Amino acid sequence: MRDFIVTLPKAELHLHIEGTLEPGMMFELADRNSYDLPFESLRDVEAAYRFTDLQSFLDIYYQGAAVLQTEQDFYELMRAYLDRAGADGVRHAEIFFDPQTHTERGVGFEVFMSGFRAAMADTPNISSSLILCFLRHLSGADAVEAMAMAEPHLEGVVAVGLDSSEKGNPPELFEEAYAMARELGLRAVAHAGEEGPPEYVEAALDVLGAERIDHGIRSLEKPPLVERLRKDQVPITVCPLSNVALRVVDRIEDHPLPEMMGRGLQVSVNSDDPAYFGGYIGENYLGLAEKLGFGRDELAKIARNSINSSFAEALRKAELITQLEEALSSDEG
Ligand code: HPA
Ligand code: ZN
């Protein structure tokens, strides 16, 4: 099944680039930049990566991101992700980044944007774009400020998103920043319904104009919302290994993805923060096969959804769908 998964052309739509920082690279960059990490060894890292909820992860994740300081650091981070994703059959990626995590430390937009763009240009086998995320543990005014700072640096950015601590930080707080992004021609997505209630999913759609919902699994608690998501075929980017690692779901076997598919929702499967959650996109697909009994048709449907849910141009989408159908027919033959 692993070989089949790798040969499936797919898109990754929910991936935080800062969440691809592997412990090896974290130590290397800390050393290079003379940054004093709170971990001495891989064993310390493993202990710290036992999360109890979203916040316990975010505390470690922002700490790790502090080793990223130069354009070369951001280049290497992006390059390593794209190479790894390519090996799992990712042909298109829309990649989240958290500018406020870096600007707050004095690392400017020109530093990380040039590193990201150079790595993306050096990986032409994957079409890719960036999604600028606002940190919801900071204020709506901070998001507006981040958007204003970003304006001269939007080449390669396709959309804005909303991430970080969900509970108690509803989408409504970010209405103005999303309105600015829309004025600048950007698309909109938002994390909603990961730990927060289904009402946050509704507000993301209604107030922020989100065209795609990240996680969204708690939508199932509200049947009229499920019906709306189904009727409008709102893309939902689901991250099974993340949900288990952050204890949103006990085990993959208990994941609501089969129910979401059964209800006709347009779900894709993604890796979120693979360096922290135990696997890249291939492992997420494989987990569905091994623990939920998903067969080839179901995995192919998820891959097809991922392409259709993307912001890729129509021609690129058509090309990827053709490649997917070809991979399926040569697999049968
Ligand atoms: N949820 C919210 N914020 C995040 C996540 C997530 O899964 N990953 C990185 N930032
Ligand atoms: Zn996420």
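What comes next is a walk through the structure. The numbering scheme is per chain: residues are counted from 1 as the chain's sequence reads. Labels follow written order: the first chain is A, the first ligand is 1, and so on. Residues qualify for local features only when their pLDDT is at least 70, as the model is predicted, and side-chain atom pairs are given and counted only at 80 or more; totals for whole chains, interfaces and linings, by contrast, use all residues. Excluding hydrogens and water, the side-chain figures rest on all heavy atoms present in the structure.

1. Details of the coordination of the zinc ion (ligand 2)
Inclusion rule: Only nitrogen, oxygen and sulfur atoms count as donors, using a 2.8 Å cut-off from the metal that widens to 3.2 Å for Na, K and Ca. Water is left out, so coordination shells may look unfilled. Here a helix means four or more residues in a row that DSSP labels H or I, a strand means two or more in a row labelled E, and each is numbered from the N terminus. Burial classes follow relative accessibility: with a 1.4 Å probe on protein chains only, a residue under 20% of its type's maximum area counts as buried, one over 50% as exposed, and anything between as partly exposed.
The zinc ion (ligand 2) binds to the protein through His14 (NE2), His16 (NE2), His191 (NE2) and Asp272 (OD); the donor distances cover 2.1 to 2.2 Å. The sequence pattern formed by the donor residues of the zinc ion (ligand 2) is H-x1-H-x174-H-x80-D. Linking His191 in strand 5 (residues 187-192) with Asp272 in the loop between strand 8 (266-269) and helix 14 (274-277), this pair joins segments that are 81 residues apart in sequence. Given a relative accessible area of 5%, His191 falls into the buried group. For Asp272, a relative accessible area of 3% gives the class buried.

2. Some thoughts on the pattern of salt bridges
What counts, and what does not: Only one rule defines a salt bridge in this text: a Lys or Arg side-chain nitrogen within 4 Å of an Asp or Glu carboxyl oxygen.
For the structure shown, the criterion picks out 19 salt bridges. Measuring nitrogen to oxygen at the nearest pair gives 3.7 Å for the salt bridge that ties Asp83 to Arg79. Within this pair, Asp83 and its partner Arg79 are both found in helix 5 (residues 71-87), separated by 4 residues, close to a single helical turn. The class for Asp83 is partly exposed, based on a relative accessible area of 41%. In this structure, the salt-bridge partner of Arg218 is Glu221, at a minimum N-O distance of 2.8 Å. Judged by relative accessible area, which is 25%, Arg218 ranks as partly exposed.

3. Overview of the site of ligand 1
As a reminder, the rule being used: The near set for a molecule or strand comprises every residue that places at least one heavy atom within 4 Å of it. For the purposes of these results, a polar contact is taken to be a pair of N or O atoms within 3.5 Å, where, inside protein, one atom must be able to donate a hydrogen and its partner to accept one; residues adjacent in sequence count only when each atom of the pair is a side-chain atom. All accessible areas in this document rest on Shrake-Rupley with a 1.4 Å probe, and a residue is counted as covered only by the protein chains that are shown. Buriedness for pockets is judged along seven lines, at least five of which must meet protein on both sides within 12 Å for an open set on the 1 Å grid over protein atoms alone, while cavities are sets there where a 1.4 Å probe fits but cannot get out, and lining residues have an atom within 4 Å of a point. What decides whether a molecule sits in a cavity or pocket is whether more than half of its atoms lie within 2 Å of the grid points. Each residue gets one of three labels, nonpolar for Ala, Val, Leu, Ile, Met, Phe, Trp, Tyr, Cys and Pro, charged for Asp, Glu, Lys and Arg, and polar for the others, Gly among them.
Around ligand 1, a shell composed of His16, Leu54, Phe57, Leu58, Tyr61, Asp163, Ser164, His191, Glu194, His215, Asp272 and Asp273 is seen. Taking His16, its side chain carries an N or O atom lying 3.2 Å from a nitrogen atom of ligand 1. Within the backbone of Ser164, an N or O atom sits 2.8 Å from a nitrogen atom of ligand 1. Summarising the interface, the protein chains cover 100% of the accessible area of ligand 1, which totals 260 Å² for the free molecule. Counting atoms within 2 Å of the grid points, the majority share of ligand 1 lands in the largest cavity. If you tally residues by element for the shell around ligand 1, the top one is helix 4 (residues 54-65), at 4 residues. Residue classes in the shell around ligand 1 are distributed as 4 nonpolar, 4 polar and 4 charged.

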